[in-house]
Amino acid sequence: MIQIMVAKKIIAICQSGGEFETDEDGFLSYKGGDAHAMEIDDKMKYRNFKKEVAEMFNFNVGTMCIKYFLPSNKKTLITISNEKDLKNMIKFHGDSDTAEIFVMTEEVAPDVSNMPGSRSSRTTLSEAGVPVDAPSNVVNDAPPDVVNDASPDVVNDASPDVISDTNQPGLLIDANFDIVADTNQVGTDIDLAAEMVTPISVAHSFYEKQAKAAHQWQNTITNVGQRFNGVHEFREALRKYAIAHQFSFRYKKNDSHRVTVKCKVEGCPWRIHASRLSTTQLICIKKMNPTHTCEGSVIKNGYQATRSWIASIIKEKLKVFPNYKPKDIVHDIKEEYGIQLNYFQAWRGKEIAKEQIQGSYKEAYSMLPVFCEKIMETNPGSLATFTTKDDSSFHRLFISFHASLYGFEHGCRPLLFLDSTIVRSKYQGTLLAATAADGDDGVFPVAFAVVDTESDENWRWFLVQFRNALTTCRAVTSVSDGESIPKDSLSTGRCITIVADREKGLRESIAEIFPNGEAYHVYCLRYLSEQLIRDLKGPSSHEVKRLLVEDLYSTAYAPRPDGFHRCIENIKNISTEAYNWIMQSEPEHWANAYLPAARYNHMTSNFGELFYSWVSDAHELPITQMVDAIRGKIMELIHTRRNESNQWHKRLTPSMEEKFEQESNKVRPLQVLLSPGNKFEVCGDSIEIVDVDQNDCSCKGWQITGLPCCHAIAVITCVHRSPYDYCSRYFTADLYRLTYSQSINPVPNVDWPGKKNISRDAVTVTPPPTRRPPGRPSTKKNGLQDSSKRQLQCSRCKGTGHNKSTCKDLMLEN
């Protein structure tokens, strides 16, 4: 037993000398033996751990193996054979109180060659013809990161596994629905191993190297009369039994109601016949000869493994460790069972296991109509809608929860950030996100959409849905508060400042969808600087580009026109072309000095980074589960921040309280000249005019940030008022709590495997035609790009993107 202690200590109770017993359901229990306890922690080295365990039982370190069960799985033993395995064991049981560890050695292992149905260590397994429960689209998909220098075995392995439970009993059908053989012909010897599955080589010293992971399967087949729930369960038991006893077999009959197998070695009498019990789905062993006479024979084909077998082996571990890599699967299968897989087979097995755990990607799209209905049913006031193309393939999906819309409307500044990121799922796509800034300058998710591609049309559709969602939210809130619903509830709202790229058709769409001053488009400074660098013609050094970007940011942050012009003159001295470009880029949409809307000094739209991290964690899931994973993240975020804010005791949020104190510390050297009116003169490094009634200071810091500047604080204090009364209400702790006051309710799992509750009248949705491109997916993070990143520059022609050795000018001269 392992019990995780408070101080990161683990009490490992190691057991040895007992025996495993298998119940009717295939669960293992350990009986008898001795037990010793030891204390370890996560800093302990595997080498020291194994040495100490060996000393406990007086075992040879070289012949000893250590195993454990995964949480909630008493059927599969996992081997601890290296440093990584030891760390994984501790991590896998982070949420559990106990785990079982078992110590075994080669010396005390049972001699399987003397057991009924066993073979010597030199014989091999033929596992051909065992059905695959995976959908054909998984079987036929090529892995995104298969190695290019794969052996011929990799290519040959692409042959489909056999599916024998079809509508035509007695026919063997492959994954492409082609008839392979007619098994109704009694006595026909069908060697499916040769026809359907490519052999996988294994070292001759398998028995010596193999850990005893397969020993638990020695009794999956026992005697005549043994019953199974169906042919699939019986074939699975056959597979495990053959692996445990190290022999190969071939099918004589193999259909939906009867299975007959014999040893592959000619003349060996081992044979089993099982068939369905009448009026039931149960499969019963009717005849069985458990004796082998082929001991010591050599079968040159070597070990074979189907993708479904690999999936069944790694399925439980994949649930606990979703990032289980194919190369680790290859290593673990070799260590556990002595079977050498290639990368392609491991990837295929993982894909099948993922679909068995998560459900089908294709079925997830078909569940979208019901899924959207359930979201709006369980979260009133939310909007979940989708569109399809003419061929019924997926086009767009928009989601915005009422809790997010309510928090944005009642607690956040009227400031919205739009951005996008690529979804690296099986069918690709793009995620469009709308986020806001809460009172503590934290990211607050408002709405998101999954679209087939980022385009002007899709952005326009997203904005239309967002406006509709706001209208619905305001209507629902008005009804719940007993207010009358205005004719156009959005027109009664506040002007929203939308920070986004000026490209992608957003400029035209925002003006069209939010007319009459309902929204004002502010350009994201990051995208603006990137476009400036792209549009500059002629060679420019890295230093010049860096200075241009720095001066552009200084120009944008300048609070007054005089500061704007000083910064723009610096740009003009560096590049007249850049100066002209900036002056034509509509500064009234990005410069503080001329911006008519409240931006609160947020110059970029990088608030979407939170969505990017969520999508990167869930992009491998089917679309409905990916959306539900994002919903869970938003729900958790709201719950966590609500609880944190309940512990605050100050009037402002922590970050705003800190900024307010920093401004207050600048007040002491300032002198205030009192006047009978509402305007006051403040003398310091400069002379500023403060109008308390208009919340205005000539330095413009008060208007831009929403917090009183040091000049305003000095005046407010002199007139014996509280500066807190002049802070923006959006920065108060009360309004922050209002932002996170609503909750997101769970959505029923309508898209889990086996859920077939789609009505005939429901809209048909099929996966988009786009597919994941070949090659290993990029691990680079989407999002911000550094415009000032150093570029390669040629020392000869001063051009960028190449060096002197690859300069075209030099090549032309030569």
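Everything below is about the structure shown above.
Treat the numbers as computed from the prediction; the structure is a model and nothing was measured.

Engineer: Mind showing me how you'd approach the overall build of the protein here?
Structural biologist: Scanning the protein from N- to C-terminus turns up 26 helices and 26 strands. Expressed as a percentage of the 814 residues in the protein, the buried residues total 52%. Accessible surface, the protein as shown: approximately 37600 Å² in total, 49% of it carbon and sulfur.

Engineer: What is the right way to read the packing of aromatic side chains from this model?
Structural biologist: Two aromatic rings are characterised by how far apart their centres lie and by the angle between their planes. In total, this model carries 23 aromatic pairs according to the counting rule given. Both rings, one in Trp702 and one in Tyr726, keep their centres 6.2 Å apart while their planes meet at 70°; by these two values the pair is edge-to-face. In this pair, Trp702 is assigned in helix H23 (residues 701-705) and Tyr726 in the loop between helix H24 (710-718) and helix H25 (733-739), connecting sequence segments 24 residues apart. Taking relative accessible area as the criterion, Tyr726 reaches 14% and is therefore assigned buried. An aromatic cluster is present here, built from Phe398, Trp459, Trp461 and Phe462 joined pairwise through their rings. Stacked on the ring of Tyr600, the Lys or Arg Arg413 has its end atom at 5.2 Å from the ring centre. In this arrangement the basic side chain of Arg729 is found over the ring face of Tyr730, its NZ or CZ atom lying 4.6 Å from the centre.

Engineer: Help me understand the pattern of salt bridges in this model?
Structural biologist: Where charged atoms of side chains with opposite charge meet at close range, the side chains can pair. Under the counting rule described, the total for this entry stands at 27 salt bridges. When the shortest N-O distance is used, the salt bridge between Glu543 and Arg546 registers 2.3 Å. Remark: Arg546 and Glu543 occur in helix H17 (residues 542-557); sequence separation between them is three residues, near one turn of the helix. Note that Arg631 and Asp628 form a salt bridge whose closest N and O atoms lie 2.8 Å from each other. Of the two residues, Arg631 and Asp628 both sit in helix H21 (residues 623-645), three residues apart, roughly one turn of that helix. What emerges from the salt-bridge pattern is a single network uniting Arg413, Asp441 and Lys659.

Engineer: It is not clear to me how the sheet that holds strand E21 (residues 496-500) should be interpreted in this structure. Could you clarify?
Structural biologist: Within a sheet, neighbouring strands are paired by backbone hydrogen bonds and run either parallel or antiparallel to one another. Spatial strand order, E16-E17-E20-E19-E18-E21-E22: seven strands in an open sheet with mixed pairing. On the outer flanks of this sheet lie strand E16 (383-388) and strand E22 (519-523), each paired with one strand and no other. Pairs of neighbouring strands in the sheet enclose a mean axial angle of 20°, with direction left out of account. Of the pairings in the sheet, the one linking E21 to E22 comprises five bridges and is parallel in character.

Engineer: Whenever I open this one, the nonpolar core confuses me. Can you help?
Structural biologist: Nonpolar side chains in soluble globular proteins generally cluster together in the buried interior. Formed by 70 residues in total, the largest nonpolar core has its most connected members in Phe408, Leu418, Phe462 and Phe466. Examining the composition of this core, we find that eight residues originate from one element, helix H14 (residues 456-480), more than from any other. The residues touching Phe462, leaving out its near neighbours within four places in the chain, are Phe398, Leu418, Leu432, Ala433, Ala434, Ala447, Phe448 and Ala449.

Engineer: Explain empty space enclosed by the protein to me, please; I cannot follow it from the model alone.
Structural biologist: The gaps of empty space that remain are located by a probe, the size of a water molecule, rolled over the atoms. Inspection of the entire model under this criterion finds three cavities of 30 Å³ or more. In this structure, the largest cavity encloses a volume near 140 Å³. Around the largest cavity sit 15 residues that line it, and Ile78, Lys317, Tyr324, Asp332 and Glu336 are the ones nearest its centre. When contributions to the lining of the largest cavity are tallied by element, the ones reaching two or more residues are strand E7 (77-80), helix H8 (307-320) and helix H9 (326-337). Looking at the lining of the largest cavity element by element, the count peaks at five residues for H9. Residues of the lining of the largest cavity, tallied by class, amount to seven nonpolar, three polar and five charged. Within this model, the second largest cavity holds a volume of roughly 110 Å³. In terms of lining residues, the second largest cavity is bounded by 18 residues, among which Tyr365, Ser425, Gln428, Val450 and Ile623 are the most central. Among the elements of the structure, helix H11 (361-366), strand E20 (443-451) and H21 are those that each provide at least two residues to the lining of the second largest cavity. Here the lining of the second largest cavity is built from residues that sort into twelve nonpolar, four polar and two charged.

Engineer: Got a minute to help me understand the environment of Pro708 in this structure?
Structural biologist: With respect to the helices and strands, the residue Pro708 is situated in the loop between H23 and H24. Given the relative accessible area of 1%, Pro708 is considered buried. Along the sequence, Pro708 and Asn695 sit 13 residues apart, while their C-alpha atoms lie 7.9 Å from each other.

Engineer: It is not clear to me how the packing of H8 against helix H10 (residues 343-358) should be interpreted in this structure. Could you clarify?
Structural biologist: Between two packed helices, what matters for the description is the angle formed by their axes and the separation of those axes. Taken N-terminus to C-terminus, the directions of H8 and H10 make an angle of 60°; their axes are 8 Å apart at the nearest point. The angle between the axes of H8 and H10 places the two elements in the oblique class. When you trace H8 past H10, the crossing you get is right-handed. For the pair formed by H8 and H10, the contact residues are Arg307, Ser308, Ile310, Ala311, Ile314, Lys315, Leu318 and Lys319 on the first element and Gln345, Arg348, Gly349, Lys350, Ile352, Ala353, Lys354, Gln356 and Ile357 on the second. The class makeup of the residues in the contact of H8 with H10 is seven nonpolar, four polar and six charged.

Engineer: Just to check I follow, could you spell out the packing of H17 against helix H18 (residues 561-574) for this structure?
Structural biologist: Direction vectors running N to C along H17 and H18 enclose 165°, while the axes themselves pass 8 Å from each other. Of the possible angle classes, the one that applies to H17 and H18 is roughly antiparallel. Relative to H18, the crossing made by H17 is left-handed. Counting all contacts with H17, which are made through Val544, Leu547, Leu548, Asp551, Leu552, Ser554 and Thr555, the residues of H18 involved are Phe564, Cys567, Ile568, Asn570, Ile571 and Ile574. Its residues assigned to classes, the contact of H17 with H18 comprises nine nonpolar, three polar and one charged.

Engineer: Please explain the sheet that holds strand E25 (residues 687-691) as it appears in this structure.
Structural biologist: Strand order across the open sheet formed by four strands is E23-E24-E25-E26, with antiparallel pairing between neighbours. Across the chains shown, the open sheet's two edge strands, defined by having one partner strand only, are strand E23 (671-673) and strand E26 (696-697). The sheet contact formed by E23 and strand E24 (residues 679-683) spans three bridges and is antiparallel. Note that in E24 the partner of Leu673 across the bridge is Glu681. Packing of H24 onto the sheet brings it into contact with E23, E24, E25 and E26, and relative to E25 it is tilted by some 55°.

Engineer: Hey, could you run me through a positive patch on the surface in this one?
Structural biologist: On the surface, a cluster of positive charge is contributed by Lys45, Arg47, Lys51 and Lys87. Mapping Lys51 onto the fold places it in helix H1 (residues 46-57).

Engineer: What is the right way to read the side chain of Lys350 from this model?
Structural biologist: Among the secondary structure elements, Lys350 is positioned in helix H10. Glu351 provides the closest opposite charge to the buried, unpaired Lys350, separated from it by 6.3 Å. Excluding anything up to four places from it in sequence, Lys350 contacts Ile314, Leu318, Pro322, Asn323, Tyr324, Lys325, Pro326 and Ile329.

Calculation rules
Residues take numbers from 1 onward in each chain, read along the sequence in its written order. Two thresholds apply to this predicted model, a pLDDT of at least 70 for residue-level local features and 80 or more for giving and counting side-chain atom pairs, whereas whole-chain, interface and lining totals are computed over all residues. Hydrogens and water molecules were not included; the side-chain quantities draw on all heavy atoms of the structure. Comment: elements are numbered from the N terminus, with helices defined as DSSP H or I runs of at least four residues and strands as E runs of at least two. Think of it in three bands: residues with accessible area under 20% of the maximum for their type are buried, residues over 50% are exposed, and the middle band is partly exposed, with areas taken using a 1.4 Å probe on protein chains only. For the accessible areas, the method is Shrake-Rupley and the probe is 1.4 Å, while residue cover comes only from the protein chains on display. Stacked, tilted and edge-to-face are the three classes applied to pairs of Phe, Tyr and Trp rings, where Trp contributes its six-membered ring and a pair requires centres within 6.5 Å; stacked means planes under 30 degrees apart, edge-to-face means over 60, and tilted covers the rest. Think of it as a cone above the ring: NZ of Lys or CZ of Arg counts as a charge over the ring if it is within 6 Å of the ring centre and within 35 degrees of the ring normal. Salt bridges are defined as contacts in which a side-chain nitrogen from Lys or Arg sits within 4 Å of a carboxyl oxygen from Asp or Glu. In this analysis, strands are considered paired if DSSP registers two or more bridges between them. In this description, a line fitted to the C-alpha atoms serves as the axis of each element, helices being fitted only across the stretch in contact, and the angle between N-to-C directions of two axes falls anywhere from 0 to 180 degrees. Residues belong to one nonpolar core when they are buried, are Ala, Val, Leu, Ile, Met, Phe, Trp, Tyr or Cys, and are joined through side-chain atoms within 4.5 Å. In what follows, residue pairs with any heavy atoms lying within 4.5 Å of each other are defined as contacts. Cavity and pocket criteria rest on a 1 Å grid covering protein atoms alone: a 1.4 Å probe that fits but cannot get out defines a cavity, protein on both sides within 12 Å along at least 5 of 7 lines defines an open pocket, and an atom within 4 Å of a point defines a lining residue. Grid points are joined across faces, edges and corners, and a volume is the space filled by probe spheres set on the points. Only Asp, Glu, Lys and Arg are considered charged in this grouping, and only Ala, Val, Leu, Ile, Met, Phe, Trp, Tyr, Cys and Pro are considered nonpolar; every other residue, Gly among them, is considered polar. For this classification, under 35 degrees means roughly parallel, over 145 means roughly antiparallel, 65 to 115 means roughly perpendicular, and everything else is oblique. By definition, turning the near helix anticlockwise from the far helix through less than a right angle yields a left-handed crossing, and turning it clockwise yields a right-handed one. Exposure above 30% relative accessible area and no salt bridge define the residues that can form patches, which grow by joining like charges within 9 Å and nonpolar side chains of Val, Leu, Ile, Met, Phe, Trp and Tyr within 5 Å. His is not counted here, nor are the chain ends, while Lys and Arg score as positive and Asp and Glu score as negative. By convention, charge coordinates are those of NZ in Lys, CZ in Arg, CG in Asp, or CD in Glu.

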